[in-house]
Amino acid sequence: DAGITQSPRHKVTETGTPVTLRCHQTENHRYMYWYRQDPGHGLRLIHYSYGVKDTDKGEVSDGYSVSRSKTEDFLLTLESATSSQTSVYFCAISEGTGVTGELFFGEGSRLTVL
Amino acid sequence: GQNIDQPTEMTATEGAIVQINCTYQTSGFNGLFWYQQHAGEAPTFLSYNVLDGLEEKGRFSSFLSRSKGYSYLLLKELQMKDSASYLCAVRDRWAGSARQLTFGSGTQLTVLP
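Residues numbered from 1 in each chain as written. Chains lettered and ligands numbered in written order. Predicted model: local features only at pLDDT ≥ 70, side-chain atom pairs only at ≥ 80, totals over all residues. Heavy atoms only, no water.

Caption draft 1: Broad picture of the sheet that holds strand β6 (residues 53-57) of chain B. Residue and element names in this part refer to chain B. A sheet is described by the order of its strands in space; here five strands give the open sequence β1-β3-β8-β7-β6, paired in antiparallel fashion. Two strands lie at the open edges of the sheet, namely β1 (2-5) and β6, each paired on one side alone. Pairs of neighbouring strands in the sheet enclose a mean axial angle of 15 degrees, with direction left out of account. The sheet contact formed by strand β3 (residues 18-26) and strand β8 (residues 70-75) spans six bridges and is antiparallel. Each residue of the ladder has a partner; that of C22, found in β8, is S71. (Pairing = 2+ DSSP bridges. Helix = DSSP H or I, 4+ residues; strand = E, 2+ residues; numbered from the N terminus. Axes fitted to C-alpha atoms, helices over the stretch in contact; angles between N-to-C directions.)

Rendered as structure tokens:
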């Protein structure tokens, strides 16, 4: 199994507070991703990174920012959490090369915004 | 952009065969993936198709027709542990430099005894 850990795994917060989710990998993979998963919507890409300090927006990036200062860490920040950001957040990594380039997912972080 | 459709729910009996379909529209196809996700867990990679035809992996097979924008996942000799959500995902040739995937909403499969 790919070495990906997310923290925290569960968090309850209030509207308007900042929240940071952390993704840590031990695989030295170049590519890292943040997805959110909601009923009826499947997995939707928030932001991704293709190297240290190299990030770009995904399909649902409004209200989120990311940072990657080291290969192994990819942080997702909600500057001012809203109830619509209640979701399960998955980090994924990919080697990006080779034939397949499949994604490996972390265990998820369940965020509830009250 | 991309549009991926798959049935929301399916039910099958233990020991039977089930086929989960996925149709997609994309401006530049560059691979189709199937993932399995048990409730409360992370998605795990099942299969990858980039050329037309059938890829077999034990009890699981995946088929692709690029001209029809169609794929299916075939599960044989169903077991109770196969009850899970099955996610179809497509990689677009024109995706960002990170070759990210776009996912369908998933098919929840329930295997009954």
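From this point, the narrative continues.
Caption draft 2: Region of interest: the interface of chain B and chain A. If you look at the interface, chain B gives 19 residues, while chain A gives 24 residues. Taken over both partners, the interface formed by chain B and chain A buries close to 1,700 Å², and the fraction arising from carbon and sulfur atoms is 54%. Remark: the boundary between chain B and chain A carries zero salt bridges. Counting across the chain B and chain A interface gives four residue pairs in polar contact (both at pLDDT 80 or more). Residue assignment for the side of chain B that touches chain A shows that the elements contributing at least two residues are β4 (29-37), β5 (44-49), β9 (84-92) and β10 (101-103) of chain B. Considering each element in turn, the side of chain B that touches chain A owes the most residues, three residues, to β4 of chain B. (Contact = heavy atoms within 4.5 Å. Buried area = accessible area lost by both parts, 1.4 Å probe. Salt bridge = Lys/Arg side-chain N within 4 Å of Asp/Glu carboxyl O. Polar contact = N/O pair within 3.5 Å; in protein donor to acceptor, adjacent residues only side chain to side chain.)

Caption draft 3: Region of the structure containing the pairing of β6 of chain B. Residue and element names in this part refer to chain B. Pairing geometry for β6 and strand β7 (residues 60-65), over five bridges, is antiparallel. Its bridge partner being in β7, G53 is matched across the sheet by L64. Between β6 and β7, which pair antiparallel and follow one another directly, the connecting turn spans two residues, one of which, G58, has a positive phi of 65 degrees.

Caption draft 4: Highlighting the state of the cysteines. Applying the stated criterion across every chain yields a total of two disulfides over all chains. Disulfide pairing is shown between C23 of chain A and C91 of chain A; the S-S distance is 1.9 Å. Since a negative S-S torsion denotes a left-handed disulfide, the C23 of chain A-C91 of chain A link at about -70 degrees is left-handed. Of the two residues, C23 of chain A is situated in strand β3 (residues 19-25) and C91 of chain A in strand β9 (residues 87-94); the sequence distance between them amounts to 68 residues. Neither residue differs from the other here; C23 of chain A and C91 of chain A are each classed as buried. Disulfide pairing is shown between C22 of chain B and C88 of chain B; the S-S distance is 2.0 Å. With the S-S dihedral at roughly -70 degrees, the linkage between C22 of chain B and C88 of chain B falls on the left-handed side. Of this pair, C22 of chain B sits in strand β3 while C88 of chain B sits in strand β9, and the two are 66 residues apart along the sequence. The class for C22 of chain B is buried, based on a relative accessible area of 0%. For C88 of chain B, a relative accessible area of 0% gives the class buried. (Disulfide = S-S within 2.5 Å. Buried < 20%, exposed > 50% of the residue type's maximum accessible area, 1.4 Å probe, protein only.)

Caption draft 5: Molecular detail of the sheet that holds β3 of chain A. All names here are of chain A. With antiparallel pairing, the four strands of this open sheet are ordered in space as β1-β3-β8-β7. The strands lining the two open edges of the sheet, one partner per strand, are β1 (4-7) and β7 (65-70). The mean angle between the axes of side-by-side strands here comes to 20 degrees, regardless of whether they run parallel or antiparallel.

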